[in-house]
Amino acid sequence: WERGLSVLGVQDRPHLCLTESFWDESIQVATERFYILDAQDNRVTRYAASTQAYTNETYQTMLEDCGFSSIHIYPSLCGIADETQPDLFVLVSTKI
């Protein structure tokens, strides 16, 4: 949780933000839910964000299915592994 004066639709008002995160292995989706309690009127506003996970092979297949070719996967924007962000990578491809 966190408290503050400005977050997700609550501008310059005291609030409490509760956060819930979970992973659904069966569909490879991470979901984060936010519950914002407005301290002035006790109203609760709910937000959610989900992120779909894919394998490198699935990314490649999706790009090919959309007409892309020459698909390359790099460990970072500079082409070498970045130990501070080991789970990030770069996809480069061509579509003519």
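This section reports on the structure supplied with the text. If you're wondering where the values come from, they're calculated on a predicted model, not measured in any experiment.

## Digging into the environment of asparagine 42
Part 1: Residue position: asparagine 42 is located in the loop between strand 3 (29-38) and strand 4 (44-52).
Part 2: What makes asparagine 42 exposed here is its relative accessible area of 57%.
Part 3: Taking C-alpha positions, asparagine 42 is 8.9 Å from histidine 15, a pair spaced 27 residues apart along the chain.

## Considerations on the pattern of salt bridges
Part 1: According to the stated counting rule, one finds three salt bridges in the structure shown.
Part 2: We note a salt bridge from glutamate 20 to arginine 33, for which the minimum N-O separation is 3.6 Å. Linking glutamate 20 in strand 2 (residues 10-24) with arginine 33 in strand 3, this pair joins segments that are 13 residues apart in sequence.
Part 3: We classify arginine 33 as partly exposed; its relative accessible area is 32%.
Part 4: Put simply, aspartate 38 and arginine 43 hold a salt bridge, and the shortest N to O gap is 3.8 Å.

## Details of unusual backbone geometry
Part 1: With a phi angle near 55 degrees, glutamine 28 is a residue other than glycine that sits in the positive phi range.
Part 2: For glutamine 28, the position within the fold is in the loop between strand 2 and strand 3.
Part 3: The backbone of asparagine 42 sits at a positive phi, close to 60 degrees, despite the residue not being glycine.

## Some remarks on the packing of aromatic side chains
Part 1: One pass over the full model with this rule turns up two aromatic pairs.
Part 2: Arranged with centres 5.6 Å apart and planes meeting at 65 degrees, the rings of tyrosine 59 and phenylalanine 89 form a pair that is edge-to-face. Pair noted here: tyrosine 59 is in helix 1 (residues 56-65) and phenylalanine 89 is in the loop between strand 5 (69-74) and strand 6 (90-94), with a separation of 30 residues, a long-range link.
Part 3: Its relative accessible area of 23% is what places tyrosine 59 among the partly exposed residues.

## Comments concerning the side chain of serine 76
Part 1: Within the secondary structure, serine 76 is located in the loop between strand 5 and strand 6.
Part 2: Not counting chain neighbours up to four residues away, the residues in contact with serine 76 comprise Asp82 and Val90.

Calculation rules
- Residues numbered from 1 in each chain as written.
- Predicted model: local features only at pLDDT ≥ 70, side-chain atom pairs only at ≥ 80, totals over all residues.
- Heavy atoms only, no water.
- Helix = DSSP H or I, 4+ residues; strand = E, 2+ residues; numbered from the N terminus.
- Buried < 20%, exposed > 50% of the residue type's maximum accessible area, 1.4 Å probe, protein only.
- Salt bridge = Lys/Arg side-chain N within 4 Å of Asp/Glu carboxyl O.
- Phe/Tyr/Trp six-rings, centres within 6.5 Å; stacked < 30°, edge-to-face > 60°.
- Contact = heavy atoms within 4.5 Å.

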